[in-house]
Amino acid sequence: MRRTAEPEGDDPAPLWWQRAVFYQIYVRSFADSDGDGVGDLEGIRSRLGYLELLGVDALWLTPFFRSPMADHGYDVSDPRAVDPLFGDLAAFDRLVAEAHGHGIKVTIDVVPNHTSDEHPWFRAALLAPPNSRERSRYVFRDGRGPDGSVPPNNWPSVFGGPAWTRVHDGQWYLHLFSPRQPDLNWDNSEVRADLVETLRFWLDRGVDGFRVDVADGMAKPQGLPDMPEYLLSIDRSATHSPADPRFDADEVHEIHRLIRKVADEYPGSMAVGEIWVETDEQFARYVRPDELHLGFNFTLTTTDFDADAVRRAIDHSLEAVSRSPSPATWTLSNHDVDRHVTRYGGGSQGLRRARAMALVQLGLPGVVYLYNGEELGLPNVSLPDWALQDPLWERTGHTDRGRDGSRVPLPWEGSSVPFGFSAGKPWLPVPEEWAGLTVETQLEDPESMLSLYRHALELRKTHAGFGGTELEWYGAPPGCFAYRRKGGGLICALNTSGGPVPLPPGEVLLASGPLDGTDLPPETAVWLV
Ligand code: GLC
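Conventions we followed
Residues numbered from 1 in each chain as written. Predicted model: local features only at pLDDT ≥ 70, side-chain atom pairs only at ≥ 80, totals over all residues. Heavy atoms only, no water. Buried < 20%, exposed > 50% of the residue type's maximum accessible area, 1.4 Å probe, protein only. Helix = DSSP H or I, 4+ residues; strand = E, 2+ residues; numbered from the N terminus. Pairing = 2+ DSSP bridges. Domains from an automatic or database assignment. Contact = heavy atoms within 4.5 Å. Buried area = accessible area lost by both parts, 1.4 Å probe. Salt bridge = Lys/Arg side-chain N within 4 Å of Asp/Glu carboxyl O. Polar contact = N/O pair within 3.5 Å; in protein donor to acceptor, adjacent residues only side chain to side chain. Nonpolar A, V, L, I, M, F, W, Y, C, P; charged D, E, K, R; others polar. Core = buried A, V, L, I, M, F, W, Y, C linked by side-chain atoms within 4.5 Å. pLDDT = per-residue confidence, 0-100. Phe/Tyr/Trp six-rings, centres within 6.5 Å; stacked < 30°, edge-to-face > 60°.

### Things to note about the pairing of strand 1 (residues 21-25)
- Counting buried residues along strand 1, five of its five residues qualify, which places the element largely inside the surrounding structure.
- Side chains V21, Y23 and I25 of strand 1 all project onto a buried face; the interleaved residues F22 and Q24 project onto the opposite face, where all are buried too.
- Examined bridge by bridge, strand 1 and strand 2 (residues 58-61) share four bridges and lie parallel to one another. Directly across from Y23, in strand 2, lies its bridge partner L59.

Below, the structure is given as structure tokens:
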């Protein structure tokens, strides 16, 4: 199915994704239609009315492909099939058609860095001898030491432990993530051809774009050199340093050019990459005109609630795309990081700060990625040991509790657990305290987080103040900032200091909390025109 690009608004025909608000659906945790306790495609379809009411433009669905679920779907055994846990292709087609009927685009994950160990290619590789065609689709090497019992290099896996596992005949295979996620060899032409087939498969079914998992991985440097010793102790969540040989190899850009070529055959489609690089220069290379349409910039996920730090993060994100046709992207949370209500201190303080940052993020030019549940102000959940499922927990010898706390199923309605998420037992326990955070409760409350998001999204879409793509900074008291959208004139002021400060001049459009006469209270942001 080929579509034409749709011009929008009064700017010279921006494409739909250039200023879209995307909503990330962690499929396992959004809505369960069949009572098995795991979210699914029909569950999403049944909640499209909510997503339209919320006012998002596009969805990003996390992997729903056939998978043994060792990393909850980021271990794919067939990238062109729907896992029965989530539905089937007919359910996917219904979801895409209905989402489009609601005016919502649908983008999906692709996972090109690795497959599942249950992918037919990997099964065949284990049965085949060293140096065979089957093994050459992955990264198999002999070990070091007299008997080859030392891994080929010193690379750690992102999930803890070595990035190598030894097989029955003594060779080792590379897995940057868990041993159940063997890395593909991107020098192999079959690997490239298979990704092209996968992209076309889903584009032909009507998807509007892709999120490319581990977009700075895939290519590996010649000779697989050791990692510098000093990097070995770095925390898993740290962005990838230019000195880390596991990521950001020059050859990765050829893969993005390949993805772009396919997308260009389907006008209006797009790809966004998961890019955890450290510097703006590294980032910029991914969004050159013939590479990715968008890159995830994660700087806000690692920035404290501090006006100077947030301003620096915004400037860096803008700088990183300044020589590219790509707009900046803004992300406060996703399924890999702690939810920002919790990062900002939790409780009522975390909520106040999250409300303020919602206005900061939604006032900015470019693309916003919301993570399901942030519009409800969900915090991270401290789960008991028995409930933890993220491979990180086991791989780190129970030292890193992993990412399950930000993946707890969404509370929809009613007063008892699991609040309409499922007729069965949810795959992670949902806290009783979320009774006050359900969609149903918040829709009725004009002061709720959900009402704030709805109002902000509506203004962002319809108010002329949000026009243009550039920002300028105003002078502001210490601990505060104010930016102005150059094209439209919207002003956003944030106060992270300990006391009230005077509001900038203008008419208030929306505030994240109660204003104090002509003052902007601490931990509050405001939009003015
Ligand atoms: C990405 C995903 C993460 C997954 C990893 C391995 O970082 O966002 O959830 O575990 O890739 O596929």
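### Section: the domain arrangement of the protein chain
- Taken as a whole, the protein chain is organised into domain 1 (18-114 + 189-458) and domain 2 (470-528).
- Look at where the C-alpha atoms of domain 1 and domain 2 centre, and you get two points 29 Å apart.
- Between domain 1 and domain 2, the contact holds 23 residues from the first and 20 residues from the second.
- Each partner contributes to the roughly 1,900 Å² buried at the junction of domain 1 and domain 2, and carbon and sulfur atoms together form 67% of this total.
- By the criterion of area lost to domain 2, the three top residues of domain 1 are A307, R311 and L359, representing 29% of everything that side buries.
- Taken together, domain 1 and domain 2 are joined by two salt bridges.
- Taking the shortest distance from any N to any O, the salt bridge between E523 and R353 comes out at 2.7 Å.
- The interface formed by domain 1 and domain 2 includes 11 residue pairs in polar contact (both at pLDDT 80 or more).
- Going through the elements one at a time, helix 9 (307-320), helix 11 (347-363) and helix 14 (449-462) are the ones with two or more residues in the side of domain 1 that touches domain 2.
- Across the side of domain 1 that touches domain 2, the residue classes tally to 14 nonpolar, three polar and six charged.

### Some points on the nonpolar core
- Counting residues in hydrophobic clusters, the biggest one holds 143 residues, and the most contacted among them are Y23, L61 and W527.
- In this structure, L61 is in contact with I25, V27, L41, I44, F92, L95, V106, T107, I108 and D109, ignoring residues within four places of it in sequence.
- Grouped together as the second largest cluster of nonpolar side chains are 16 residues, W155, L224, F247 and L392 included.

### Things to note about the sheet that holds strand 7 (residues 164-166)
- As summarised here, the arrangement of the three strands in space is 6-8-7, forming an open sheet in which the pairing is antiparallel. At either margin of the open sheet sits one strand with a lone partner, and together these are strand 6 (140-141) and strand 7.
- In terms of strand pairing, strand 6 meets strand 8 (residues 172-174) through two bridges, oriented antiparallel. Across the sheet, residue F140 finds its bridge partner in strand 8, namely Y173.

### Regarding the confidence of the model for the protein chain
- Averaged over all residues, the pLDDT of the protein chain is 95; the fraction at 70 or higher stands at 97%.
- Note that residues 1-10 has pLDDT below 50 and, in this model, 24 contacts with residues that lie over four places away or in other chains.

### What to know about unusual backbone geometry
- Residues V417 and P418 are joined by a peptide bond in cis, for which omega reads 5 degrees.
- Structurally, the position occupied by P418 is in the loop between helix 12 (391-395) and helix 13 (439-443).
- One non-glycine residue, D248, adopts positive backbone phi at about 60 degrees.
- Mapped onto the secondary structure, D248 falls in the loop between strand 9 (209-212) and helix 7 (252-264).
- With relative accessibility at 16%, the residue D248 sits in the buried group.

### Regarding the packing of aromatic side chains
- Throughout the structure, instances matching the rule amount to 26 aromatic pairs.
- An angle of 75 degrees between the planes, with centres 6.0 Å apart, marks the rings of Y23 and F30 as edge-to-face. The residues Y23 and F30 share a single accessibility class, namely buried.
- Plain terms: the ring middles of F64 and F92 are 5.0 Å apart, the flat faces sit at 25 degrees to each other, and that makes the pair stacked. Here F92 lies in helix 4 (residues 89-101) and F64 lies in the loop between strand 2 and strand 3 (65-66), a separation of 28 residues in the sequence.
- Owing to a relative accessible area of 0%, F64 belongs among the buried residues under this scheme.

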